[in-house]
Amino acid sequence: MTVDGVDKGYEAIIDAYTTAHPEVEIEFYSYPETDYYSKLKSALSAGIGPDIYFTTGWNNLQTFVDSGHAENLDGKLDVTAFSSDALEVETINGSLYGAPGAYAQYLTVFYNKDLFEQAGVTVPATYDEFLKACDTLKAKGITPIAMGGQEATPYMFAWLVSCQALAPDYFEDIRSGKVSTFTDERFTKAMNAMKEWGEAGYYEDNYDGTTYTAQTLLFATGNAAMTLTGSWGYAEVMQQNEEINIGAFAFPGPEKTYGVRSVASGLSVNTGSQNKDAAIDFLNYTCTAEAMQTMVDAVDGIPVTDGVTCDNEVMQEVAKAPDYAAFPNIALNIAGTNSTNPQDVFTNNYLDVMSGKIDVNALAELMDKSWDPAAYAKLFQK
Amino acid sequence: MKKILNMVKQRPFLFFIAPGALLYLVLIIYPMFSTFVNSFCQWDGIGEKLFIGLSNFKMLFTDPIYAPQFLNALKNSFIFVVLCYIIQVPLAFYFAYVINRKVFLSKTCQLLIFMPQVISQVAVGLLVLLFLDPNFGVVNNGLRAIGLGSWARGWLGDPVILKLVVAVILTWKGIGIPMMLLIANMQSIPAEYEEAAALDGANEWNKFRYITLPLLKPALTNIIVLIFINGIATFDIPYLLGGMNGGPSGAIDTLGTMFYRVAFGSKYLTNNMGLATAIAVIQFLIMVTVSVIQISLLKRNETEY
């Protein structure tokens, strides 16, 4: 699995379930993300896989559906409480293959309230105001944006946070199938934004040598005013500095602010399991309000159904984003070719854009080569 | 059947090597064979395997997305090997010679020079990351403290500097074993040869060049092959310092990190095990070919005493 909170959440849910059903015994194993999928794949291919396993939905789940290791759960789970974008995550080829997650990940900008006050800056409502805010902060000697420029992942996060706002109609066109290329000017312009911020000096000095961990540390120690990341970043910042006074806002577009979110995924059942009924019963439990509240409390997450609440103030601010749409990268990483996908191509090559070795149009062309629009359309078929 | 039993009885060593041979077969030979077979298939790690012949190998050299990465990784692996040779071999000789002369504190020096070999690579990599961090690291803050703040930069973001840093760490880590090999061999050279040479009027340098060096050729062969094999397969340090993508502009992307990225690295599970095993097979072929060439060339020059 991933962050500590998720582990605690599942452990608490399992505790509650086994107390209510003493005849059931559930063993819980958790692995770091980098190892998890290789272990899972090897175990499933060898026939010794777990009864229940976690996936991040979308095409991760598709891999297991295609290889025949995910049980079809149509009609077996009570998912009436979930919205359609929650169910989308687990629906493959028109059928439900996993239990939706209890919380949503939002893309957001975390900002240091004290530093904003110090510079006399308010939360920007448009992209122009955002650029002006960065200029003001810079003039007052405060680093506007923390950026781990040594790795591509921070750029990827920053891009996911900003590109939907900067090119909203492009993403609508991609999703509806009107456009199927990345070389579209709206998209390349949005991709170039992070380079422009670097050239305008909005990042810290020597940002090309800063790692993602150092970026979080910079923000957490009050050395930078903003960091562009997702709701998962909250736990990372809190781990470094619990005292910090932060808030969150959705990245503002030129005219409209778009919230971007993706519902976290949940559990699926192994087709080779000997205990399918018990497994499905447990999955049903994870979809109840009680279990979801446990998970939301454990991860300080943002709930996706009624009846579940989140007390954390910062996360409430994160969730205030209007008109949310699914993560833009869903368009990008889903339905890659057999060997790669556009998001991985972006991650492997964006540092070259920053250093000037290639330009965003060349990157867009490479991304086109790694994408399969037909498979993407199939994934969104209901 | 009886004939075989008889043959085995007359060679009791077969019983002794059987358990080891079995383990070796299962844990090393079988996976190697399986890797070789996988390199001719299209496989994502869990689904079906589709036989596609040499397509994976072709893709590594011609595909617009993978070929540049692969050729870059190949180039970097060779660069690291060459840098290791240039720095490690002369240094190992120098250290071994000086320590063999039993100068003051030579045993302590021997220990200190060998120690990096046993320190965990991960610990070293993480420490270096901390040292070189532009905002919190010791190097930049130290430079600022002594007034050389203008020299402070994003060390980890500069491709050339990153390559040098990796080469230095690899050398620092790897110099222990070549040095120890040389010391052991030097100590087994009978002292009479050197004394005879000294009587004939040879100075230190001549003694080293005409007596010690030729007699060290077997050790030299071993060192050269070892450094190549370790260098071409290097993964830990480049992975720690540059991440899965090989650092800025793939500056420290090696065959090892590219293999990891293709086999396990996709966040969205579009992994291509077939392609990754093709990389591994090519790496293996390079190692075998070069090692065979090196050994055959160097064995010819060995001197017997």
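Residues numbered from 1 in each chain as written. Chains lettered and ligands numbered in written order. Predicted model: local features only at pLDDT ≥ 70, side-chain atom pairs only at ≥ 80, totals over all residues. Heavy atoms only, no water.

If you check an unreviewed UniProt entry, chain B appears there as Sugar ABC transporter permease from Diplocloster agilis. Its UniProt record gives chain B the following Sequence similarities (unreviewed entry) comment, quoted word for word: "Belongs to the binding-protein-dependent transport system permease family." Check the Subcellular location (unreviewed entry) section of the UniProt entry for chain B; it says "Cell membrane". (UniProt positions renumbered as here; feature names shortened; annotations may be inferred.)

A.B. asks: Tell me about the overall build of chain B, residues and numbers included.
C.D. replies: Helices and strands together make up the secondary structure of chain B, namely 15 helices and 2 strands. Computed over its C-alpha atoms, the radius of gyration of chain B comes to 24 Å, more than 25% above the 19 Å expected for a compact globule of 305 residues. Each of the 305 residues in chain B was classed as buried or not, and the buried ones make up 44%. Excluding contacts between residues fewer than 6 apart, the proportion of contacts in chain B whose partners are at least 24 apart in sequence is 66%. Of the roughly 16,500 Å² of accessible surface on chain B, a fraction of 72% belongs to carbon and sulfur atoms. Averaging the locations of the 21 positively and 14 negatively charged side chains of chain B gives two centres separated by 6 Å. (Helix = DSSP H or I, 4+ residues; strand = E, 2+ residues; numbered from the N terminus. Rg over C-alpha atoms; globule rule 2.2 N^0.38 Å. Buried < 20%, exposed > 50% of the residue type's maximum accessible area, 1.4 Å probe, protein only. Contact = heavy atoms within 4.5 Å. Areas by Shrake-Rupley, 256 points an atom, 1.4 Å probe, with all protein chains shown as cover. Lys, Arg positive; Asp, Glu negative; His and termini not counted. Charge placed at Lys NZ, Arg CZ, Asp CG, Glu CD.)

A.B. asks: Quick rundown of the overall build of chain A? Include the residues and the values.
C.D. replies: Summing up its helical and strand segments, chain A has 18 helices and 11 strands in all. Computed over C-alpha atoms, the radius of gyration of chain A comes to 21 Å, within 12% of the 21 Å expected from 2.2 N^0.38 for 382 residues, which places it in the range of a compact globule. Across its three principal directions, the C-alpha atoms of chain A cover 65 × 45 × 35 Å. Long-range contacts, defined as pairs at least 24 residues apart, comprise 73% of the intrachain contacts of chain A with a sequence gap of at least 6. Approximately 15,300 Å² of chain A is accessible, and the part contributed by carbon and sulfur atoms is 47%. If you average the places of the 21 positive and of the 53 negative side-chain charges in chain A, the two averages end up 7 Å apart.

A.B. asks: Kindly report on the interface of chain B and chain A, identifying the contributing residues and their values.
C.D. replies: Opposite the 39 residues of chain B that make contact, chain A presents 46 residues. Of the roughly 3,200 Å² buried where chain B meets chain A, counting both sides, 53% is carbon and sulfur surface. At the junction of chain B with chain A, the criterion picks out 0 salt bridges. If you look at where chain B meets chain A, you find 4 residue pairs in polar contact (both at pLDDT 80 or more). For the side of chain B that touches chain A, the elements supplying multiple residues, two or more each, are helix 4 (66-100), helix 7 (138-145), helix 13 (236-242) and helix 14 (255-264) of chain B. The greatest single-element share of the side of chain B that touches chain A, amounting to 3 residues, is contributed by helix 14 of chain B. Of the residues contributing to the side of chain B that touches chain A, the split by class is 17 nonpolar, 16 polar and 6 charged. (Buried area = accessible area lost by both parts, 1.4 Å probe. Salt bridge = Lys/Arg side-chain N within 4 Å of Asp/Glu carboxyl O. Polar contact = N/O pair within 3.5 Å; in protein donor to acceptor, adjacent residues only side chain to side chain. Nonpolar A, V, L, I, M, F, W, Y, C, P; charged D, E, K, R; others polar.)

A.B. asks: Which residues make up the packing of aromatic side chains, and what values do they have?
C.D. replies: Scanning all chains against the criterion turns up 36 aromatic pairs over all chains. Aromatic rings pair up to connect Tyr155, Trp159, Tyr170, Phe182, Phe187, Phe346, Tyr350 and Trp371 of chain A into one cluster. (Phe/Tyr/Trp six-rings, centres within 6.5 Å; stacked < 30°, edge-to-face > 60°.)

A.B. asks: Tell me about the pattern of salt bridges, and name the residues and values.
C.D. replies: When the charged atoms of two side chains with opposite charge come close together, those side chains can pair. Going through the model one piece at a time under the given rule, you end up with 9 salt bridges over all chains. With a shortest N-O distance of 3.1 Å, Glu317 of chain A and Lys113 of chain A are connected by a salt bridge. Residue Glu317 of chain A is found in helix 14 (residues 313-318), and its partner Lys113 of chain A is found in helix 5 (residues 113-119); the two are separated by 204 residues along the sequence. One salt bridge in this structure joins Asp158 of chain B and Arg153 of chain B, with 3.9 Å as the shortest N-O distance.

A.B. asks: Which residues make up the UniProt feature "transmembrane region" (unreviewed entry) in chain B, and what values go with them?
C.D. replies: All names here are of chain B. According to UniProt, the "transmembrane region" (unreviewed entry) feature falls on residues 12-33, 78-99, 111-132, 160-183, 219-241 and 275-298. Across residues 12-33 one finds 95% helix and 0% strand; the C-alpha atoms that close the span lie 29 Å apart. A distance of 31 Å separates the end C-alpha atoms of residues 78-99, which is 100% helix and 0% strand.

A.B. asks: Mind laying out the packing of helix 4 of chain B against helix 15 (residues 273-299) of chain B, listing which residues take part and the relevant values?
C.D. replies: Residues and elements named next belong to chain B. Where helix 4 meets helix 15, the axes come as close as 13 Å, and the angle between the chain directions of the two elements is 35°. Of the two elements, helix 4 crosses helix 15, and the hand of that crossing is right-handed. Each of Tyr66, Phe70, Leu74, Phe78 and Tyr85 in helix 4 lies in contact with helix 15, whose residues at this interface are Leu275, Ile279, Ile282, Ile286 and Gln294. Looking at the contact of helix 4 with helix 15 residue by residue, the classes come out as 9 nonpolar, 1 polar and no charged. (Axes fitted to C-alpha atoms, helices over the stretch in contact; angles between N-to-C directions. Left-handed = near helix turned anticlockwise from the far one by under 90°.)

A.B. asks: Lay out the pairing of strand 4 (residues 103-112) of chain A in plain terms, naming residues and giving numbers.
C.D. replies: Two faces belong to every sheet, and in a regular strand the side chains alternate between them. Residues and elements named next belong to chain A. Within strand 4, 9 of the 10 residues are buried, which leaves it mostly tucked inside the rest of the structure. When strand 4 meets strand 10 (residues 302-303), the two strands line up antiparallel, connected through 2 bridges. Within strand 10, the position partnered with Ala104 by the bridge is Ile302. Examined bridge by bridge, strand 4 and strand 8 (residues 260-263) share 4 bridges and lie antiparallel to one another. In the strand pairing of strand 8, Leu107 is matched with Val260. As defined by bridge partners, strand 4 adjoins strand 6 (residues 224-230) across 5 bridges and the pair is classed as antiparallel. Following the sheet pairing, Phe110 is matched in strand 6 by Thr227. Pairing between strand 4 and strand 7 (residues 246-249): 4 bridges, direction antiparallel. When the sheet's bridge partners are listed, Tyr111 is paired in strand 7 with Gly247. (Pairing = 2+ DSSP bridges.)

A.B. asks: Please provide a residue-by-residue account of the confidence of the model for chain B, values included.
C.D. replies: Confidence in the prediction for chain B averages 87 pLDDT; 97% of positions are at 70 or higher. No element of chain B has a lower mean pLDDT than helix 1 (residues 2-10) of chain B, which averages 80, and none a higher one than helix 2 (residues 13-38) of chain B, which averages 92. (pLDDT = per-residue confidence, 0-100.)

A.B. asks: Give a detailed account of the environment of Ser188 of chain B, specifying residues and quantitative values.
C.D. replies: All names here are of chain B. Position of Ser188 relative to the elements: it lies in the loop between helix 9 (176-187) and helix 10 (191-199). Accessibility expressed as a relative area gives 39% for Ser188, which makes it partly exposed. As a C-alpha pair, Ser188 and Val139 span 49 residues in sequence and 43 Å in three-dimensional space. A distance of 2.7 Å separates a polar side-chain atom of Ser188 from the backbone oxygen of Asn185.

A.B. asks: A description of the nonpolar core should follow, citing residues and the corresponding values.
C.D. replies: Residues and elements named next belong to chain B. Judged by nonpolar contacts, the single largest core of 63 residues is most densely connected at Leu60, Phe70, Leu182, Leu241 and Met258. A total of 14 residues in this core trace back to one element, the largest contributor, which is helix 4. Apart from the residues lying within four places of it in its own chain, the contact partners of Phe70 are Leu60, Phe61, Leu255, Met258, Ile279 and Ile282. (Core = buried A, V, L, I, M, F, W, Y, C linked by side-chain atoms within 4.5 Å.)

A.B. asks: Tell me about the pairing of strand 6 of chain A, residues and numbers included.
C.D. replies: Residues and elements named next belong to chain A. In terms of residue burial, strand 6 counts as a mostly covered element, since 7 of its 7 residues are buried. Looking at chain direction, strand 5 (residues 143-145) and strand 6 are connected through 2 bridges and run parallel. Within the sheet, the bridge partner assigned to Ile145 lies in strand 6 and is Met226.

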